[in-house]
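The chain contents come next:
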Amino acid sequence: MGEETIEVQYADNHDGLTSAEAAARLKQFGRNELPEKTTPGWVIFLKCLWGPMPIALWIAIIIEFALQNWPDGGILTAIQFGNATIGWYETTKAGDAVAALKQSLKPRATVFRDGQWQDVDAAIVVPGDKVKLASGSACPADCTVNDEPGAAVLPQIDVDEAALTGESLPVTMTPKTHMAKMGSTVVRGEVDGTVQYTGTSTVFGKTALLLQAVEADLGNIHYVLVKVMYGLTGLSLILCIICFIFLMTYHHTSFKAAIEFTVVLLVVSIPIAIEIVVTTTLALGSKELSSKKVIVTRLSAIEMMAALNLLCSDKTGTLTLNKMEIQQDCPVFSAGEDRESVLVYAALAAKWREPPRDALDTMVLGAANLDRCDAYKQLEYKPFDPRVKRTEATLVGPDGVQFKVTKGAPNIVLKLCSNASQIQDRVEGIITDLGMRGIRCLSVARTFENEEWRMLGILTFLDPPRPDTKATIANANKYGVDVKMVTGDHVLIAKEMARMLNMGTNIETAGGLPQFPASGDPKDIPDTLGEEYGDMIAGMDGFAQVHPEHKYLIVETLRQRGYTCGMTG
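Under an unreviewed UniProt entry, the name given to the protein chain is Plasma membrane ATPase, and the source organism is Neobodo designis. As stated in UniProt under Catalytic activity (unreviewed entry), the record for the protein chain gives "ATP + H2O + H(+)(in) = ADP + phosphate + 2 H(+)(out)". Taken directly from UniProt, the Sequence similarities (unreviewed entry) text for the protein chain runs: "Belongs to the cation transport ATPase (P-type) (TC 3.A.3) family. Type IIIA subfamily."

Shown next, in the form of C-alpha cells:
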C-alpha cells in the first residue's frame with residue numbers, strides 16, 4: 001500500500017504525560033471504549049409481557065378474573081408469565097455470554113507516564129499519550145509512529161490491518177505517513193507512538209457506531225404472528241358477537257352466563273399459546289446453536305437468518321484463511337531449478353532456524369524444506385530493507401563454494417541479474433499476468449561465477465480460500481441465498497478469489513456507490529437508496545476497495561429494495 005494522508009492533532013510525544021494530564025484528558029475525551037446499548041433485565045422482562053399476542057392474553061385474563069373464573073384466569077396468567085420468562089432468560093443468557101467474552105478480551109496498553117513505562121487498561125488511554133507499539137501487541141487507539149531524530153534507522157513497524165481493510169499482507173508504517181488504527185495488530189518491529197484519536201473518534205469506533213445504529217427488527221415470525229392474531233381475533237370476535245346475540249335473544253340466557261360462554265369461546269378460538277410455542281422452539285434452536293459455539297443475542301435472529309435470501313460476505317478471513325500461502329505456480333529461469341529448489345534458496349535468504357521476521361519469511365519458511373537448508377552455512381545476512389525492497393544472504397554450500405542469494409520485488413531483483421535483457425520481456429509478462437489476476441509474487445536470485453546474479457524463479461502467493469468456502473457458497477445458492485463479495489481488498493484480488501470460488505466476477509470498486517451523509521449520522525441516510533441504487537447493486541456480484549460505511553450503505557440499499565440481507569465480516 002502507498003502512503004496515506006493522515007490528520008494529526010498531536011505532535012510526536014517523546015516525554016509522555018503526567019498522571020494529572022492524563023486524568024484531565026480522560027475527563028475531556030472520555031474513556032477509550034465504545035458506548036454500548038444495555039437494557040436492564042427487568043425492562044427485557046416487561047417487553048416480553050407486551051405485544052400483540054400478550055395483549056390478547058391480558059384481555060382474556062382480565063375478563064376471566066372479572067367473571068371470577070379463578071382457575072381459567074390463573075392458567076392464562078401462568079402461560080403469560082411462562083412465555084415472558086423463557087424469552088427473558090434466553091435474551092439475558094446471550095447478553096451474559098457476550099459480556100463474558102468481551103471481558104476476557106479486554107485489551108491492555110503500555111504507556112509512558114510520570115517518566116516510566118506502565119501497563120494499563122487500554123480504556124484509560126488518552127489522546128497525546130506516548131505508547132509502545134511492539135510486535136504481537138494490539139494497537140490500543142489510532143496512533144502515529146514517533147520519529148526519532150538522529151536515529152541511524154528510520155523507525156518502522158509492520159501492522160496487520162486485515163480486520164479493517166481486508167489487506168492480507170501487513171502494512172509497513174513509518175513516521176508522518178501512516179497511522180496505526182485501533183483494531184489492528186503489530187506483527188513486526190517495535191516503536192514508540194503518539195495517540196491521536198480514542199474511542200468513537202477512531203476509525204474502528206466510527207464503524208462500530210454504524211452497527212449500533214441498526215434498529216433491532218421484530219423478525220419475520222413476529223409479523224406472521226401479528227397477521228394470524230389479527231385474522232383469527234377478528235373472525236373470533238364476529239362469531240362470538242353472533243353467539244352472544246343468539247344466546248341473549250333466542251335462548252334468553254342471563255347476561256352473566258352469556259358473557260361467560262362468549263369469553264370461553266373467544267379464548268379457545270384464539271391460539272393464545274402460539275407465542276410460547278414459538279419462543280420455546282426458538283429457545284431449543286438457540287441451545288442447539290450454542291453447542292456449535294454460536295452466540296445468539298436475539299431469539300428472533302434465528303428465524304431471520306433462516307429467511308435470508310442475500311448474503312454480503314467479506315473476503316479476508318471470512319471467505320479466505322487470512323494467511324498468505326505459496327502457490328504451485330512457479331516460473332523458473334535457470335536450468336535444473338523447480339519450485340522446491342527455488343523455495344530452498346528463498347529460505348536461505350532468511351534466518352531459517354529462527355522465528356520468522358515478517359509475513360514473507362513466515363510464508364516461505366513454512367513451505368520450504370528446511371532440512372536441505374541445514375547443508376549450507378550462512379556467513380552474513382541483510383534483513384529486509386524497504387528502501388532496497390529485498391533481503392540478501394552470503395552462504396557457503398556443501399561443495400565449499402561461496403555465493404549470495406536474494407529475494408524481493410521482481411523488478412528490483414531483475415535489475416541485479418546479468419542476463420536481465422534476455423529475460424526481461426518474459427519476467428515483465430509474468431508480472432503483468434499475475435497482477436491482472438491479483439496474485440502477488442516474489443523473485444529469487446543467486447550469484448554464480450564472477451559474482452554474476454542470475455534469476456532462479458518467481459514464487460507466487462495468495463490468501464487461499466477456506467477449505468469449505470466453495471461448498472458453502474454452492475449450498476447457499478442451492479437454497480436460494482445469493483452471495484456477494486464485499487471487500488476492502490483490491491478489485492483484481494477480489495475477482496481472482498471469485499473465480500476460484502465459482503462466484504460471479506462482475507465486481508467493481510466503490511466509485512459508483514452512494515455516499516455516506518456528511519453529518520456522519522446514519523439517521524440522515526435517505527430512504528430512496530433502494531430506488532436509486534437498488535438495481536445496480538443487486539445486479540453486481542460484489543464490490544472491492546470499499547470502506548466500512550460503504551458496506552453499511554450496500555446492506556441498507558438492499559434492505560430498502562426488499563431483500564432479507566445478511567452481512568459477515
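**A few points about the domain arrangement of the protein chain**
By domain assignment, the protein chain separates into domain 1 (41-104 + 217-283), domain 2 (125-212), domain 3 (308-320 + 465-567) and domain 4 (325-462). When each unit is reduced to the centre of its C-alpha atoms, the spacing between domain 1 and domain 2 is 54 Å.

**Things to note about empty space enclosed by the protein**
For the coordinates displayed, the defined rule picks out 2 cavities of 30 Å³ or more. Volume-wise, the second largest cavity comes out at about 30 Å³. Lining of the second largest cavity is provided by Ser168, Lys315, Met324, Arg440, Leu462, Asp463, Asp489 and Ile493. Considering only residue class, the lining of the second largest cavity consists of 3 nonpolar, 1 polar and 4 charged.

**Brief notes about the nonpolar core**
Counting residues in hydrophobic clusters, the biggest one holds 30 residues, and the most contacted among them are Phe333, Val427, Met455, Met485 and Met503. Going through the elements one at a time, helix H14 (410-416), helix H15 (420-436), strand E15 (440-447), strand E16 (453-462), helix H16 (469-478), strand E17 (482-486) and helix H17 (491-500) are the ones with two or more residues in this core. Ranked by the residues each element gives to this core, the list is headed by H15, at 5 residues. Here this core spans two domains, and each of domain 3 (308-320 + 465-567) and domain 4 (325-462) adds at least three residues to it. The contact partners of Met455, leaving out residues within four places of it in the chain, are Phe333, Ser334, Val413, Leu414, Cys417, Asn419, Ile423, Val427, Ser443, Val444 and Ala445. In terms of nonpolar packing, the next biggest core, distinct from the first, is built from 29 residues, Met363, Val364, Ala393 and Leu459 among them.

**Side note on the environment of Leu416**
Looking at the secondary structure, you find Leu416 in helix H14. For the pair Leu416 and Ile124, spaced 292 residues apart in sequence, the C-alpha separation works out to 51 Å. Once you skip the residues sitting within four places of it in the chain, Leu416 turns out to touch Arg390, Thr406 and Trp453.

**What about the UniProt feature "transmembrane region" (unreviewed entry) in the protein chain?**
As recorded in UniProt, the sites labelled "transmembrane region" (unreviewed entry) are residues 42-67, 228-249 and 261-284. Split by type, residues 228-249 is 100% helix and 0% strand. Its first and last C-alpha atoms lie 31 Å apart.

**As for helix H19 (residues 548-560)**
Its 13 residues place the ends of H19 19 Å apart at the C-alpha level, agreeing with the 18 Å of an ideal helix rising 1.5 Å per residue. Of the positions making up H19, those classed as buried are His550, Lys551, Tyr552, Leu553, Ile554, Val555, Glu556, Thr557 and Leu558. Positive phi appears at Gly562, one or two residues downstream of H19, with a value of about 105°.

Procedures and definitions
Residues numbered from 1 in each chain as written. Predicted model: local features only at pLDDT ≥ 70, side-chain atom pairs only at ≥ 80, totals over all residues. Heavy atoms only, no water. UniProt positions renumbered as here; feature names shortened; annotations may be inferred. Domains from an automatic or database assignment. 1 Å grid on protein atoms, 1.4 Å probe; cavity = no way out; pocket = protein on both sides within 12 Å on 5 of 7 lines; lining within 4 Å. Points joined across faces, edges and corners; volume = space filled by probe spheres on them. Nonpolar A, V, L, I, M, F, W, Y, C, P; charged D, E, K, R; others polar. Core = buried A, V, L, I, M, F, W, Y, C linked by side-chain atoms within 4.5 Å. Buried < 20%, exposed > 50% of the residue type's maximum accessible area, 1.4 Å probe, protein only. Helix = DSSP H or I, 4+ residues; strand = E, 2+ residues; numbered from the N terminus. Contact = heavy atoms within 4.5 Å. Expected span 1.5 Å × (residues − 1).

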